[in-house]
Amino acid sequence: MKIVAVTACPTGIAHTYMAADALVKAAPKYKVQIKVETQGAMGIENLLSPQDIALADKVLLVSDIDVDQPARFEGANVVRLSIEEVLVNVDKVFLVHCRDA
């Protein structure tokens, strides 16, 4: 399964990157290929391309704020999650939202 994700938090410092790191570290355990875009204090890093989004089975928007350029995800299989959901139990995120259909 291919997943793309965007992580963003109100201050764009610690939690944005902690959530991205948690997703990247847990993905192999669930046989998930993942690419994570961060929208933090340093701006957008690891920008998802239109092709990344189009080829993804699922898009995880992990954010407690509005993400930049939300129209990019129209028509995609989007799951919205809070930063806390990922930081508290990333395994549950993968078990519930990232299983093959």
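Definitions and cut-offs
Residues numbered from 1 in each chain as written. Predicted model: local features only at pLDDT ≥ 70, side-chain atom pairs only at ≥ 80, totals over all residues. Heavy atoms only, no water. Helix = DSSP H or I, 4+ residues; strand = E, 2+ residues; numbered from the N terminus. Rg over C-alpha atoms; globule rule 2.2 N^0.38 Å. Buried < 20%, exposed > 50% of the residue type's maximum accessible area, 1.4 Å probe, protein only. Contact = heavy atoms within 4.5 Å. Areas by Shrake-Rupley, 256 points an atom, 1.4 Å probe, with all protein chains shown as cover. Pairing = 2+ DSSP bridges. Axes fitted to C-alpha atoms, helices over the stretch in contact; angles between N-to-C directions. UniProt positions renumbered as here; feature names shortened; annotations may be inferred. Core = buried A, V, L, I, M, F, W, Y, C linked by side-chain atoms within 4.5 Å. Polar contact = N/O pair within 3.5 Å; in protein donor to acceptor, adjacent residues only side chain to side chain. Arc of directions from axis to C-beta.

1. Considerations on the overall build of the protein chain
In terms of regular secondary structure, the protein chain is built from four helices and five strands. Counted from the first residue to the last, the protein chain has its helices and strands arranged as β-α-β-β-α-β-β-α-α. Whereas a compact globule of 101 residues would reach a radius of gyration of roughly 13 Å, the protein chain reaches 12 Å, a difference of no more than 12%. For the C-alpha atoms alone, the extent of the protein chain along its principal axes is close to 35 × 30 × 20 Å. Within the span of the protein chain, comprising 101 residues, buried residues form 40% of the whole. Looking at the protein chain alone, contacts between residues at least 24 apart form 61% of all its contacts between residues at least 6 apart. As displayed, the protein chain offers around 5,700 Å² of accessible surface, 54% of which is attributable to carbon and sulfur atoms.

2. A short note on the sheet that holds strand E5 (residues 78-81)
Reading across the sheet, the five strands line up as E3-E2-E1-E4-E5 and stay open at both edges, with mixed pairing between neighbours. The open sheet has two free edges, formed respectively by strand E3 (43-45) and E5, since each of these has just one partner strand. Averaged over all adjacent pairs, the angle separating strand axes in this sheet is 15°, with direction ignored. Bridge count between strand E1 (residues 2-8) and strand E2 (residues 33-40): six bridges; the pairing is parallel. Its bridge partner being in E2, Ile3 is matched across the sheet by Ile34.

3. So, the UniProt feature "domain: PTS EIIB type-2" (unreviewed entry) in the protein chain
On the UniProt side, "domain: PTS EIIB type-2" (unreviewed entry) is annotated at positions that read residues 1-99 here. From the first C-alpha to the last, residues 1-99 spans 8 Å; its make-up is 33% helix and 28% strand.

4. Details of the nonpolar core
With 21 residues, the main nonpolar core has Leu23, Leu60, Val62, Leu81, Val86, Val90 and Phe94 as its most contacted residues. At the level of secondary structure, the elements contributing two or more residues to this core comprise E1, helix H1 (14-26), strand E4 (58-63), E5, helix H3 (83-88) and helix H4 (90-97). Not counting residues up to four positions away in its chain, the partners in contact with Phe94 are Leu23, Ala26, Ala27, Tyr30, Val32, Ile34 and Arg99. Listed in part, the nine residues of the second largest apolar core include Val4, Ile53, Val59 and Phe73.

5. Let's talk about the side chain of Thr7
Here Thr7 lies in strand E1. Within the structure, Thr7 has its side chain in polar contact with the backbone oxygen of Thr16 (distance 2.9 Å).

6. Considering H4
For H4, the complete set of buried residues consists of Val90, Val93 and Phe94. For H4, the buried positions fall inside an angular range of 90° around the axis, keeping them on one side. Residues Lys92 and Val96 are exposed on H4 and point more than 90 degrees away from its buried face. In this structure, the buried residues of H4 make contact with H1, E2, E4, E5 and H3.

7. Regarding unusual backbone geometry
Despite not being glycine, Lys31 has its phi angle at roughly 55°, a positive value. Residue position: Lys31 is located in the loop between H1 and E2. Unlike most non-glycine residues, Asn46 shows phi in positive territory, near 60°.

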